[in-house]
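Coordinate analysis (summary)
Chain residues, written in single-letter form:
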Amino acid sequence: MTDGSLGICGAEDVAASYDVSPAFQIPTGRIGTGYAALAAVLTRALGSGARHVAVDGFQGILWQDLRRGLSSALGQVGAQLSWVDTTRYLRSTDELEQLIAPNLGGDDPLFGRICDADLEAFLDMAALRAAVAAMDGGPVLVYGPGASLVEGWDLLMYVDVPKDEIQRRMRAGAVCNLGAPGPTAFGQMYKRAYFVDWPVLNRHKARLLPRLDWFVDAGRLDGPTVISGDHLRAALQEMAHGPFRPRPWFLPGPWGGQWMREHFPGLRDDVPNYAWSYELIAPENGLVLQSGEHRLEFSFDLLMYQQHREVLGRAAERFGHSFPIRFDYLDTMGGGNLSIQVHPRPDYILEQFGEPYTQDESYYIVTCKPGARVYLGLRDGASPEEFRQAVERSQREQVPIDVDRFVHSVESHPHDLFLIPHGTIHGSGAGNLVLEISATPYIYTFKIYDWVRRDLEGNLRPLNIERAWDNLYFDRREGYVHEYLCPRPAVLRSATAGRELLLGTHEQLFYEVRRYELWGELWASTDDRCHVLNVVGGPGVRVRTPNGREAVFHFGETFVVPAAAGEYSIAPLDARPCMVVFAFVK
């Protein structure tokens, strides 16, 4: 398949170079591996007179495994410490449930409200301080969430784990929520993590970053890896001035397809499909550093805590530490339709959930099967009352409805863009590989109809009809869709090396989507804006910045050029033309 006007190779021809495990290169010798490396750090500190070590960290750490491994390694070099576990000083279950009840949404299985409490509120700090003070016979190591809150430490380590690994551990029942007595159903744990644990611990982590002596990645199967705080902060600074790529991760789903499994090498085969690729969803993606043969991962938010102004440029004042743009894949090639859904209006998401901006979206069609469609807007003759009666009856009696009677659909073609501002009913149909280019909030999908379909565990997925009707714009019908939500590309500039096109935006979207069409090296300016890019045609591109940074990105890969890069050149890897979609805050 090719783009007929440009002769650009299509998705099926060039996808095999996609890298599921990208890394940012730093000098050799900066990452240590295994418990022996952690023990060496502590032994040097103790030898220099350290008496109080704080090993703080995130939810989802296997703390007792970490203690056993580190204790064994310390024992081999003759070092001895007293240990204090902060999790023993978390507030009682009743106290914590009372504290976080306003954030859990009652009986709502999906949604709550972002918690604004500090980590101190979860701990009995007086008892924790007393326990540490009682350890006066030698060096003491305080470990667990909040370890640094006990004043007077001589050495500060922070232990982190990627959020996809946290979710894997939650699904396996290996970890639970902060202060919870034990694991519960995954959905309950995820909701509590999203609305309580992660916001609370993220704010705590942000405060510690400038003071960290050492940072530990505890998410790797082959043992922990460690980097000094100085080297981590230097890597963050370098990353904020040139192109980089987050590590993507993939999930199956009830409507998932087979395209990514067949075309992205290195994906596991023990799942029935792949529905999503989290290419860049900043709250859950990680960034990987590579030093020689050794790798270490940290959460994307660390980059934003230290370098948000360099990354976001002129948008930093508005978004602060929040990275505002999201790229992900929705694969329905060989799968099914997404749910018919809508996303909340800005005032609703702020009032109900505490989110400062809403989940505006757009679909870029990377490839699709002939006849594939995107559901977008209401049919001209559809009655909102009859539609609601139909979906409520479907939910109540588990019977299908004639969706096409109520919801408009548009045939999709490779490289089409569909705009989905909040309040617009929508959903990808089967047979599409969608690159979703969106605002960062990512869980606020109010499902209206889900084809009477069960999830991968055999449970009916909850619908959100009441919330949907509170947010739908019922005047977005066929004429509106074709005039405002199916934009036509417009050439912004042409050069001998390529051209730049405006693909589309909408008055309610804070971002704009453009595309480079390349047959040579094209120079571009960030104009003090962060560019998020994806190679949607051709084998790949080489990106260079004036500071000497150079990186290669292949078909399908999402990458970032921070605002502070200033200028960058982008060129095909070989003689074949390429297309690169990108978005930025307007």
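Look above for the structure.
Residues numbered from 1 in each chain as written. Predicted model: local features only at pLDDT ≥ 70, side-chain atom pairs only at ≥ 80, totals over all residues. Heavy atoms only, no water.

Some thoughts on the overall build of the chain
Quick reminder of the rule: Strands are runs of DSSP state E lasting at least two residues, helices are runs of H or I lasting at least four, and both sets are numbered from the N terminus onward. Each radius of gyration reported is based on C-alpha atoms, and the globular scaling rule is 2.2 Å times the count of residues to the power 0.38. For each residue, the accessible area found with a 1.4 Å probe, counting protein chains only, is set against the maximum for its type, and the residue is called buried under 20%, exposed over 50%, and partly exposed in between. Should any heavy atoms of two residues lie within 4.5 Å, those residues are counted as being in contact. Calculation of accessible area relied on Shrake-Rupley with a 1.4 Å probe; when residues are assessed, cover is drawn exclusively from the protein chains displayed. When charges are tallied, Lys and Arg are placed among the positive residues and Asp and Glu among the negative ones, while His and the ends of the chain are skipped. Positions of charges follow a simple convention, taking NZ of Lys, CZ of Arg, CG of Asp or CD of Glu.
Regarding its fold elements, the chain presents 15 helices and 33 strands. For the chain, whose C-alpha radius of gyration is 25 Å, the value lies close to the compact-globule estimate of 25 Å for 586 residues. Taken over 586 residues, the chain has a buried fraction of 61%. Taking as baseline every contact in the chain between residues at least 6 positions apart, the subset at least 24 positions apart corresponds to 78%. When the accessible surface of the chain is summed, it comes to about 22,300 Å², and 48% of that surface belongs to carbon and sulfur atoms. Charged side chains of the chain number 56 positive and 74 negative; the gap between the two group centres comes to 1 Å.

Digging into the sheet that holds strand S20 (residues 417-420)
The condition is simple: Note: two strands are recorded as paired if DSSP finds a minimum of 2 bridges between them. Axis geometry follows a simple rule: fit a line to the C-alpha atoms, using only the stretch in contact for helices, then measure angles between N-to-C directions, giving values from 0 to 180 degrees.
The 6 strands lie next to each other as S11-S12-S15-S22-S17-S20, forming an open sheet whose pairing is antiparallel. The sheet is open, and its two edges are formed by strand S11 (249-251) and S20, each paired on a single side. Strand-to-strand twist across the sheet, computed as the mean angle between neighbouring axes with direction ignored, equals 25 degrees. Where strand S17 (residues 361-368) meets S20, 4 bridges bridge the pair, whose relative direction is antiparallel. Looking at S20, one finds that tyrosine 364 is bridged to leucine 417.

Here we look at the sheet that holds strand S14 (residues 294-299)
Within a sheet, neighbouring strands are paired by backbone hydrogen bonds and run either parallel or antiparallel to one another. If you trace the 3 strands from one edge of the open sheet to the other, you get S3-S13-S14, paired in mixed fashion. Among the strands making up the open sheet, the edge pair consists of strand S3 (24-26) and S14. Going from strand to strand, the sheet's axes swing by 30 degrees on average, the running direction of each strand aside. Bridging between strand S13 (residues 286-291) and S14 involves 6 bridges; their strand directions are antiparallel. Bridging across to S14, serine 291 finds its partner in histidine 294. In the packing of helix H10 (residues 300-312) onto the sheet, contacts are made with S13 and S14, and the angle to S14 comes to roughly 70 degrees.

Some points on the pairing of S17
In regular strands, side chains alternate between the two faces of the sheet. Counting buried positions over the 8 residues of S17 gives 8, a clear majority of the element. Strand direction decides the pairing type here: S17 and strand S22 (residues 432-439), joined by 5 bridges, are antiparallel. Its bridge partner being in S22, threonine 367 is matched across the sheet by leucine 433.

With respect to the pattern of salt bridges
Rules: When a carboxyl oxygen of Asp or Glu is within 4 Å of a side-chain nitrogen of Lys or Arg, the pair counts as a salt bridge.
Across all of its chains, the model carries 36 salt bridges by this definition. Between aspartate 65 and arginine 68 there is a salt bridge; the shortest N-O distance is 2.3 Å. Of the two residues, aspartate 65 and arginine 68 both sit in helix H3 (residues 63-76), 3 residues apart, roughly one turn of that helix. On the accessibility criterion, aspartate 65 (35% relative accessible area) is partly exposed. Judged by its relative accessible area of 52%, arginine 68 is exposed. Glutamate 500 is the partner of arginine 493 in a salt bridge, and the nearest nitrogen-oxygen pair spans 2.7 Å.

A short note on the side chain of serine 569
To keep things clear, this is the line we draw: Throughout this description, a polar contact denotes any pair of N or O atoms lying within 3.5 Å of each other; where both atoms belong to protein, one of them has to be capable of donating a hydrogen while the other can accept it, and for residues adjacent in sequence the pair is counted only when both atoms sit in side chains.
If you trace the backbone, serine 569 turns up in strand S32 (residues 567-572). Side chain to side chain, serine 569 and glutamate 521 meet in a polar contact 2.8 Å long. Discounting residues that sit within four places of it in the chain, serine 569 has contacts with Glu521, Leu522, Trp523, Arg542, Val543 and Arg544.

Looking at empty space enclosed by the protein
Basically, it comes down to this: Both cavities and pockets are sets of points on a 1 Å grid over the protein atoms alone; in a cavity a 1.4 Å probe fits but cannot get out, in a pocket the set is open with protein on both sides within 12 Å along at least five of seven lines, and lining residues sit with an atom within 4 Å of a point. Grid points are joined across faces, edges and corners, and a volume is the space filled by probe spheres set on the points.
Counted according to the given criterion, the structure contains 2 cavities of 30 Å³ or more. Of the pockets and cavities examined, the largest cavity occupies roughly 50 Å³. The wall of the largest cavity is formed by Leu312, Ala315, Phe323, Pro324, Ile325, Arg529, Cys530, Val532 and Val585. The volume enclosed by the second largest cavity comes to roughly 50 Å³. Around the second largest cavity sit Val161, Pro162, Lys163, Ala282, Pro283, Glu284, Asn285, Gly286, Ser299, Phe300 and Asp301, which together line it.

Points about unusual backbone geometry
Despite not being glycine, glutamine 398 shows a phi value in the positive range, around 55 degrees. Within the secondary structure layout, glutamine 398 lies in the loop between helix H13 (384-397) and strand S19 (407-411). Phi is positive for aspartate 527, which is not a glycine, with a value near 55 degrees. Its location among the elements puts aspartate 527 in the loop between strand S27 (522-525) and strand S28 (531-537).

Overview of the packing of aromatic side chains
For clarity, the threshold we go by: Pairs were defined over the aromatic rings of Phe, Tyr and Trp, the Trp ring being its six-membered one, requiring ring centres within 6.5 Å. Orientation was assigned from the angle between planes: stacked under 30 degrees, edge-to-face over 60, tilted for the rest.
Here the structure, examined in full by the defined rule, presents 42 aromatic pairs. Considering the side-chain rings of phenylalanine 111 and phenylalanine 353, the 5.4 Å spacing of their centres and the 45 degrees angle between planes classify their relative orientation as tilted. With phenylalanine 111 in the loop between helix H4 (93-100) and helix H5 (125-133) and phenylalanine 353 in helix H12 (residues 346-353), this residue pair connects regions lying 242 residues apart in the sequence. When sorted by exposure, phenylalanine 111 lands in the same class as phenylalanine 353, which is buried. Relative to tyrosine 442, the ring of tyrosine 194 has its centre 5.6 Å away and its plane inclined at 70 degrees; by these criteria the two rings are edge-to-face. Taken together, the residues tyrosine 194 in helix H7 (residues 186-208) and tyrosine 442 in the loop between S22 and strand S23 (446-449) connect sequence positions 248 residues apart. By relative accessible area, which is 8% here, tyrosine 194 ends up buried. One aromatic cluster is present, built from ring pairs that chain together Phe111, Phe186, Tyr190, Tyr194, Phe195, Trp198, Tyr348, Phe353, Tyr442, Tyr444 and Phe446.

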